[in-house]
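As a plain string of letters, each chain reads:
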Amino acid sequence: MAHHLTTSYTKDAVDLFRYYKRLAERAIEQCPEEGLFATLDAESNSIAVIVKHMAGNMRSRWTDFLTTDGEKPDRNRDTEFEEPPSSRAELIAMWERGWKSLFDALEPLADADLTRTVTIRTEAHSVMQAINRQIAHYSYHVGQIVFLAKHFTANAAGGWTSLTVPRNKSRDFNADVASGRKSQR
């Protein structure tokens, strides 16, 4: 994500969400199909389960964001960790629906909306607090997706391609940033 100066919290938040969405997508693209559904152990979640959970959370949090509680009565969080999508295509479709809910809710917001009050599990939040809460939540899960995808891709044909600064390449990366060949984010 190219870094650019903005004074709009809403625009910056949307840009951050797009950055984390794309980071996870780049990891998922590299991951072999079987890696999307594999777990490291009995207590771990697969990438598919994490995607299902994130999509469920996004639907709940962002549907009618300004007017209803972010924990919708029809959400069953526990089932988000069961029976994940069974194919890459189904996983991506679920992922896209979740993110569509988020962007449809955030893109029309004006900075004046940031001080409005919304609820999540009956707890009051300013719109800005609710957005910050979700940025933290989704970046946490994107980190899990990247970790798992890297783990399951490392031994696959072609191996893992770094999503950010490759190991032992900081000097090259910094030189590219300074010359304008790479973005800082």
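Refer to the structure printed above.
Residues numbered from 1 in each chain as written. Predicted model: local features only at pLDDT ≥ 70, side-chain atom pairs only at ≥ 80, totals over all residues. Heavy atoms only, no water.

Enquirer: Before we move on, can you summarise the pattern of salt bridges with the specific residues and values?
Expert: Per the counting criterion, the structure on display carries 14 salt bridges. Between Lys 21 and Glu 96 there is a salt bridge, and its shortest N-O distance comes to 3.1 Å. Separated by 75 residues along the polypeptide, Lys 21 in helix α1 (residues 9–30) and Glu 96 in helix α3 (residues 88–106) bring together distant segments of the chain. The buried category is assigned to Lys 21, whose relative accessible area is 12%. The network of salt bridges with shared partners includes Lys 21, Arg 22, Glu 25, Glu 29 and Glu 96. (Salt bridge = Lys/Arg side-chain N within 4 Å of Asp/Glu carboxyl O. Helix = DSSP H or I, 4+ residues; strand = E, 2+ residues; numbered from the N terminus. Buried < 20%, exposed > 50% of the residue type's maximum accessible area, 1.4 Å probe, protein only.)

Enquirer: Which residues make up the nonpolar core, and what values go with them?
Expert: By size, the foremost hydrophobic cluster in this structure holds 41 residues, and its most contacted members are Phe 17, Ile 47, Met 54, Trp 62, Trp 99, Ile 131 and Ile 145. Counting only elements with at least two residues in this core, the list comes to α1, α2 (47–62), α3, β1 (117–120) and α4 (127–153). Discounting residues that sit within four places of it in the chain, Met 54 has contacts with Trp 95, Trp 99, Tyr 138, His 141, Val 142 and Ile 145. (Core = buried A, V, L, I, M, F, W, Y, C linked by side-chain atoms within 4.5 Å. Contact = heavy atoms within 4.5 Å.)

Enquirer: Run through the environment of Phe 65, naming residues and quoting values.
Expert: If you trace the backbone, Phe 65 turns up in the loop between α2 and α3. Note on Phe 65: relative accessible area 8%, which makes it buried. Separated by 36 residues in sequence, Phe 65 and Ser 101 place their C-alpha atoms 9.4 Å apart. Not counting residues within four places of it along the chain, the set of residues in contact with Phe 65 comprises Ala 105, Leu 109, Val 118, Val 127 and Ala 130.

Enquirer: Could you give me a rundown of the packing of aromatic side chains, with the residues and numbers involved?
Expert: Inspection of every chain in the model, using the stated rule, returns eight aromatic pairs. For the pair Trp 95 and Trp 99, a centre-to-centre distance of 5.5 Å together with 65° between the ring planes defines the contact as edge-to-face. Here Trp 95 and its partner Trp 99 are both found in helix α3, four residues apart, which amounts to about one turn of the helix. We classify Trp 99 as buried; its relative accessible area is 0%. Judged by centre distance (5.7 Å) and plane angle (25°), the rings of Trp 99 and Phe 103 are stacked. Within this pair, Trp 99 and its partner Phe 103 are both found in helix α3, separated by four residues, close to a single helical turn. On the accessibility criterion, Phe 103 (7% relative accessible area) is buried. Here the aromatic cluster, defined as three or more aromatic residues joined through ring pairs, consists of Phe 17, Trp 62, Phe 65, Trp 95, Trp 99, Phe 103 and Tyr 138. Here Arg 18 stacks its cationic end above the ring of Phe 103, 3.9 Å away from the centre of that ring. (Phe/Tyr/Trp six-rings, centres within 6.5 Å; stacked < 30°, edge-to-face > 60°. Lys NZ or Arg CZ within 6 Å of the ring centre and 35° of its normal.)

Enquirer: Can you lay out the side chain of Thr 153 for me, pointing to particular residues and giving the numbers?
Expert: Mapped onto the secondary structure, Thr 153 falls in helix α4. A residue is classified by how much of its surface remains accessible, and Thr 153, at 2% relative accessible area, is buried. Polar side-chain contacts of Thr 153 include one of 3.3 Å to the backbone oxygen of Gln 30. Not counting residues up to four positions away in its chain, the partners in contact with Thr 153 are Gln 30, Cys 31, Pro 32, Gly 159 and Trp 160. (Polar contact = N/O pair within 3.5 Å; in protein donor to acceptor, adjacent residues only side chain to side chain.)

Keep in mind these numbers describe shape, not what the thing actually does.
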